[in-house]
Amino acid sequence: MSLKNTLEIDLIKASTSKIDTIDFENLAFGNVFTDHMLVCDFKEGAWQKPIIKPYEPFLIDPSAKVFHYGQAIFEGMKAYKDDQDAVWLFRPEENFKRFNKSAVRMAMPEVPENIFMDGLKTILDLDRNWVKKGIGNTLYIRPFMIAVGSGVIAQPSTQYRFMIILSPAKAYYSGEVKVIIAEHYSRAANGGIGAAKAAGNYSAQFYPTKLANEKGFQQIIWTDDATHTKLEEAGTMNVFFRINDTLLTAPTSERILDGVTRKSLIDLAKREGIDVEIRSVLVEEIVNAAKDGSLKEIFGAGTAAVVSPISAFSFKDVEYTLPKIEHSFALQLKEKLTYIQYKKAEDTFNWTVKV
Ligand code: COI
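Residues numbered from 1 in each chain as written. Predicted model: local features only at pLDDT ≥ 70, side-chain atom pairs only at ≥ 80, totals over all residues. Heavy atoms only, no water.

1. Describing the overall build of the chain
- The helix and strand inventory of the chain stands at seven helices and 21 strands.
- Expected size for 355 residues packed as a compact globule is a radius of gyration near 20 Å; at 21 Å, the chain falls within 12% of this value.
- The buried share among the 355 residues of the chain stands at 53%.
- Relative to all contacts within the chain whose residues are 6 or more apart in sequence, the contacts with residues 24 or more apart total 73%.
- Carbon and sulfur atoms provide 50% of the accessible area of the chain, an area that totals close to 16,000 Å². (Helix = DSSP H or I, 4+ residues; strand = E, 2+ residues; numbered from the N terminus. Rg over C-alpha atoms; globule rule 2.2 N^0.38 Å. Buried < 20%, exposed > 50% of the residue type's maximum accessible area, 1.4 Å probe, protein only. Contact = heavy atoms within 4.5 Å. Areas by Shrake-Rupley, 256 points an atom, 1.4 Å probe, with all protein chains shown as cover.)

2. Some thoughts on the domain arrangement of the chain
- Domain annotation for the chain reports domain 1 (10-170) and domain 2 (177-340).
- Distance between the C-alpha centres of domain 1 and domain 2: 27 Å.
- With 18 residues of domain 1 at the contact, the number on the domain 2 side is 20 residues.
- Where domain 1 touches domain 2, the interface holds one salt bridge.
- Lys-263 is the salt-bridge partner of Glu-94, the closest N and O atoms lying 3.0 Å from each other.
- Linking domain 1 with domain 2 are ten residue pairs in polar contact (both at pLDDT 80 or more).
- At the level of elements, strand S5 (72-74), strand S6 (77-81) and helix H2 (92-105) are the ones that each hand at least two residues to the side of domain 1 that touches domain 2.
- Broken down by element, the residue count for the side of domain 1 that touches domain 2 peaks at five residues, all from H2. (Domains from an automatic or database assignment. Salt bridge = Lys/Arg side-chain N within 4 Å of Asp/Glu carboxyl O. Polar contact = N/O pair within 3.5 Å; in protein donor to acceptor, adjacent residues only side chain to side chain.)

3. Examining the packing of helix H5 (residues 260-271) against helix H7 (residues 329-341)
- At a minimum axis distance of 10 Å, the contact between H5 and H7 shows a crossing angle of 110°. Relative to H7, H5 is oriented roughly perpendicular. Seen from H5, the contacting residues are Thr-261, Ser-264, Leu-265, Leu-268, Ala-269 and Arg-271; seen from H7, they are Leu-333, Lys-336, Leu-337 and Ile-340.
- Across the contact of H5 with H7, the residue classes tally to six nonpolar, two polar and two charged. (Axes fitted to C-alpha atoms, helices over the stretch in contact; angles between N-to-C directions. Parallel < 35°, antiparallel > 145°, perpendicular 65-115°, else oblique. Nonpolar A, V, L, I, M, F, W, Y, C, P; charged D, E, K, R; others polar.)

4. Overview of the site of the ligand
- Close to the ligand lie Phe-74, Gly-76, Tyr-140, Arg-142, Tyr-172, Lys-197, Tyr-202, Thr-236, Thr-303 and Ala-304, which account for all nearby residues.
- Between the ligand and Tyr-140 there is a distance of 2.6 Å, counted from an oxygen atom to a side-chain nitrogen or oxygen.
- One nitrogen or oxygen atom from the main chain of Thr-303 is found 3.3 Å from an oxygen atom belonging to the ligand.
- Contact with the protein chains hides 91% of the accessible area of the ligand, taken as 280 Å² for the molecule alone.
- When each cavity is represented as a set of grid points, the ligand is found to reside in the largest pocket.
- By residue class, the composition of the shell around the ligand is five nonpolar, three polar and two charged. (Near = heavy atom within 4 Å. 1 Å grid on protein atoms, 1.4 Å probe; cavity = no way out; pocket = protein on both sides within 12 Å on 5 of 7 lines; lining within 4 Å. Sits in = over half its atoms within 2 Å of the grid points.)

5. Quick notes on the layout of surface pockets
- There is about 720 Å³ of room inside the largest pocket.
- Around the largest pocket sit 35 residues that line it, and Phe-74, Tyr-140, Arg-142, Tyr-202 and Thr-236 are the ones nearest its centre.
- Secondary structure elements with two or more residues in the lining of the largest pocket: S5, strand S8 (138-147), helix H4 (199-214), strand S13 (237-243), H5 and strand S17 (295-302).
- Sorting elements by how many residues they give to the lining of the largest pocket places H4 first, with six residues.
- Taken together, the residues of the lining of the largest pocket break down into 19 nonpolar, eleven polar and five charged.
- Two domains each put at least three residues into the lining of the largest pocket: domain 1 (10-170) and domain 2 (177-340).
- Of the voids in this model, the second largest pocket is the one considered here, and its volume is about 320 Å³.
- Looking at the second largest pocket, it is lined by 18 residues, and the ones nearest its centre are Ile-180, Ile-181, Ala-182, Glu-183 and Lys-215.
- Breaking the lining of the second largest pocket down by element, the ones donating at least two residues are strand S10 (178-181), H4, strand S19 (312-315) and strand S20 (318-321).
- Element by element, the count of residues in the lining of the second largest pocket is highest for H4, at three residues.
- Counted by class, the lining of the second largest pocket contains eleven nonpolar, two polar and five charged residues. (Points joined across faces, edges and corners; volume = space filled by probe spheres on them.)

6. So, empty space enclosed by the protein
- For the coordinates displayed, the defined rule picks out three cavities of 30 Å³ or more.
- Taken as a whole, the largest cavity spans an internal volume of roughly 110 Å³.
- At the level of secondary structure, the elements contributing two or more residues to the lining of the largest cavity comprise S6, H5 and H7.
- With three residues, the single largest contributor to the lining of the largest cavity is S6.
- Partitioned by chemical class, the residues of the lining of the largest cavity number six nonpolar, six polar and one charged.
- Counting residues domain by domain, the lining of the largest cavity receives three or more from each of domain 1 (10-170) and domain 2 (177-340).

Laid out in structure tokens, this is it:
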């Protein structure tokens, strides 16, 4: 599959590129951006013509709703380069659909498919030198929308800005990931915005995560808000548990993000003949499995983090260390997934889209 471009986009090219000043071997996640950005405004009830221009700061009124009420959503996607220098996206239509689902939940206008997809293709074409070859090198894509209408009255804005920015990236987590199971704080509640990629879902995690960091843990495994007995997500990722040879993960719900990596790993695991159970995973069963040795692995899955093995978890101040095992499902599934993304293995699912 490949993306076709039908949309008219204004273009102002950067007069010089920053690319030679970037140390691609030592990238901290999300700190470096490419030469261009896409901007498309919504006003008077309509989306305007998009423009791609040099990456730069811009002015917004201090009373804009995004500052006061956090009316903001985003997506996380990646571009990959194969050995023949072709650039590929992974299941971009899933991100597009989820973006508009988030928009509806946050009372924002849906972005038309041609603005999202053609905009993406055009900016990626322009900045394609920023996608480096080799497994582990990616260009992280951040489409987002903010409410730019002015006025501090607490109601939805009438003006919005949709943008796409691009950041060369390697791993999101470097080093060990240890997690605390949440006993008090919650990431999301039924009827809330947990299933949307709303900016506030992430900032609401900062304080509990800071407390976890102070105790030596990198992330939190979020539990259901009502009873704190069911395991739902890990930090910014969906989460999988392996008990003996069965892989467990929670079903998506109003509280859980429908992760693209999550659903791809489920399909890959099933194809590999791994027994997968999509059902509520209880804190109690994971603690008991850790005690009797049947808990073999826990790993997070997300676009930024890909597949991130968790080395230990803490519950009620007791730390449980995961065993070091030989045939890790996490590593096996990560390899299968990345080989498809970098076009090193046949894409039998038709997930990859050429830019
Ligand atoms: C992603 O995996 O793309 C996410 O959205 C997580 C983000 C907070 C880095």
